[in-house]
Amino acid sequence: MLRSSHNTWPVDVSQIKQGFIVVKGHSTCLSEGALSPDGTVLATASHDGFVKFWQIYIEGQDEPRVPFWRFLITGADQNRELKMWCTVSWTCLQTIRFSPDIFSSVSVPPSLKVCLDLSAEYLILSDVQRKVLYVMELLQNQDEGRACFSSISEFLLTHPVLSFGIQVVSRCRLRHTEVLPAEEENDSLGTESSHGAGALESAAGVLIKLFCVHTKALQDVQIRFQPQLNPDVVAPL
């Protein structure tokens, strides 16, 4: 709609008459916004400390169902504090806090960029102040209204990541003694191995593909790992 209404770009905000939404429910500027997967709900966060939800009615489509999301993750103080919420009872299910490295001579508070993959199973964070990337696994039980971060994995980097985008998150097979060919890495985990009794043992793992922005480069990054789940956390779900 915006492209068809304007012949030249960029376009000043004051010239846009259609194809945008004015949010007036916050007292200060917005810090973040997110659309629901079906595009019918907009969530906005502001420096006033509130997160608000807005229904978007699309002509010719059914009214959106409520609740819009079963669970919600919020971040505060440069995402140093993460909270998992149930959107039915609006109770906080879990709180995760990141603190400065107590073993470092320079105490630098974490400043985290956060992105959730499309399956809502993994939350990925990069610390722009330090050379580190975190991958947090999420477990959800829709029927019981319970969710939690079940594990966190840390990966040291050669350069700090200023920003990143998730390409894909998928299951893969890991071998500790040799590199799998590409066609074997992507084999279904449910398929029995056809290499016989002498085949090397493989383990279920996770493959995450990212585009990472560094200070002077754009890098294609692949992470293969096996999350270490906490049995005390997994069992109740």
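Quick note: structure is the one above.
What you see is a predicted model, and the numbers here were worked out from it, not measured in a lab.

Q: Quick rundown of the pairing of strand β10 (residues 146–156)? Include the residues and the values.
A: The pairing of strand β9 (residues 132–141) with β10 spans 10 bridges and is classified as antiparallel. Bridge assignment links Val132 to a residue of β10, and that residue is Leu156. Connecting the antiparallel pair β9 and β10 is a turn made up of 4 residues, with Gly145 showing a positive phi of about 70 degrees.

Q: For the environment of Thr74, give the residues involved together with the corresponding values.
A: Within the secondary structure, Thr74 is located in strand β4 (residues 71–76). When the C-alpha atoms of Thr74 and Thr95 are compared, they prove to be 9.7 Å apart, with 21 residues separating the residues in sequence. In this structure, Thr74 is in contact with Val51, Glu81, Leu82, Lys83 and Trp85, ignoring residues within four places of it in sequence. At a separation of 2.9 Å, a polar atom in the side chain of Thr74 contacts the side chain of Trp85.

Q: Which residues make up the environment of Arg171, and what are the values?
A: As for its placement among the helices and strands, Arg171 is situated in strand β11 (residues 163–174). Of the polar contacts made by the side chain of Arg171, one reaches the side chain of Glu121; its length is 3.5 Å.

What counts, and at which threshold
- Residues numbered from 1 in each chain as written.
- Predicted model: local features only at pLDDT ≥ 70, side-chain atom pairs only at ≥ 80, totals over all residues.
- Heavy atoms only, no water.
- Pairing = 2+ DSSP bridges.
- Helix = DSSP H or I, 4+ residues; strand = E, 2+ residues; numbered from the N terminus.
- Contact = heavy atoms within 4.5 Å.
- Polar contact = N/O pair within 3.5 Å; in protein donor to acceptor, adjacent residues only side chain to side chain.

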